[in-house]
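Working through the structure, step by step
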Amino acid sequence: MEALWPDMPYEATLRSLRVTLHAARHALEPELAPRSPSAYLHTEGELIRLDRDLILIDADEATTVAAHALPSAR
């Protein structure tokens, strides 16, 4: 929260985080019912975790492909 809203009081950053998390959940799952947990984003205290078992991260995929391509390029 300090990285996103460094000059805001703690309580204000909590509200901003809740609003941002709500928007992210509904961007990923537009059909998500109110107050339903997201399949992709999970909160653990003040931490937010992305469930990597359910999604494909392009950067991870690119890193894996590049690592396999490098030995064959020699």
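Now for a quick tour of the structure. Computed from a predicted structure; not experimentally measured. (Residues numbered from 1 in each chain as written. Predicted model: local features only at pLDDT ≥ 70, side-chain atom pairs only at ≥ 80, totals over all residues. Heavy atoms only, no water.)

Some words on the environment of Asp-53
Stated precisely, the cut-off is as follows: Secondary structure follows DSSP: runs of H or I at least 4 residues long count as helices, runs of E at least 2 residues long count as strands, and numbering of each begins at the N terminus. The cut-offs for exposure are 20% and 50% of the maximum accessible area for each residue type, with area from a 1.4 Å probe on protein chains only; residues under the lower value are buried, those over the upper are exposed, and the others partly exposed.
Along the chain, the position of Asp-53 falls in the loop between strand E2 (47–50) and helix H2 (58–73). Exposure remark for Asp-53: the relative accessible area of 75% places this residue in the exposed category. With 10 residues separating them in the primary sequence, Asp-53 and Thr-63 have C-alpha atoms 17 Å apart.

As for the layout of surface pockets
Put simply, the rule reads: Grid points spaced at 1 Å over the protein atoms alone were grouped into cavities, where a 1.4 Å probe fits but cannot get out, and pockets, open sets with protein on both sides within 12 Å along at least five of seven lines, with lining residues defined by an atom within 4 Å of a point. Grid points are joined across faces, edges and corners, and a volume is the space filled by probe spheres set on the points. By the convention adopted, Pro, Cys, Tyr, Trp, Phe, Met, Ile, Leu, Val and Ala count as nonpolar, Lys, Arg, Asp and Glu as charged, and the other residues, Gly among them, as polar.
Reported here for the largest pocket is a volume of approximately 400 Å³. Around the largest pocket sit 18 residues that line it, and Leu-17, Arg-18, Leu-21, Arg-25 and Thr-43 are the ones nearest its centre. Those elements giving two or more residues to the lining of the largest pocket turn out to be helix H1 (10–28) and E2. Looking at the lining of the largest pocket element by element, the count peaks at 7 residues for H1. Considered class by class, the residues forming the lining of the largest pocket number 9 nonpolar, 5 polar and 4 charged.

Considering the pattern of salt bridges
Quick note on the threshold: A pair is scored as a salt bridge if a Lys or Arg side-chain nitrogen falls within 4 Å of a carboxyl oxygen belonging to Asp or Glu.
For the coordinates displayed, the defined rule picks out 1 salt bridge. Across the salt bridge formed by Glu-44 and Arg-49, the nearest N and O atoms sit 2.7 Å from each other. Owing to a relative accessible area of 41%, Glu-44 belongs among the partly exposed residues under this scheme. Since its relative accessible area comes to 36%, Arg-49 is described here as partly exposed.

Notes on H1
We count it as follows: A helix is expected to reach a length of 1.5 Å times the quantity of its residues less one. Contacts are assigned to residue pairs with any non-hydrogen atoms lying within 4.5 Å of each other.
Across its 19 residues, H1 extends 27 Å between first and last C-alpha, which sits within 8% of the 27 Å expected from 1.5 Å per residue. The secondary structure elements touched by the buried residues of H1 are strand E1 (41–44) and E2.

Considerations on the pairing of E1
What counts here: DSSP calls a pair of strands paired once it identifies at least 2 bridges connecting them.
Direction of pairing for E1 relative to E2: antiparallel, over a ladder of 4 bridges. Across the sheet, Glu-44 pairs through a bridge with Leu-47, a residue of E2. The antiparallel pairing of E1 with E2 creates a hairpin that spans 2 residues between the two strands, and Gly-45 there sits at a positive phi of about 65 degrees.

Focus on unusual backbone geometry
If you check the backbone angles, Arg-35 has positive phi at about 65 degrees while not being a glycine. Of note, Arg-35 is situated in the loop between H1 and E1.

Geometric values such as these leave the question of function open.
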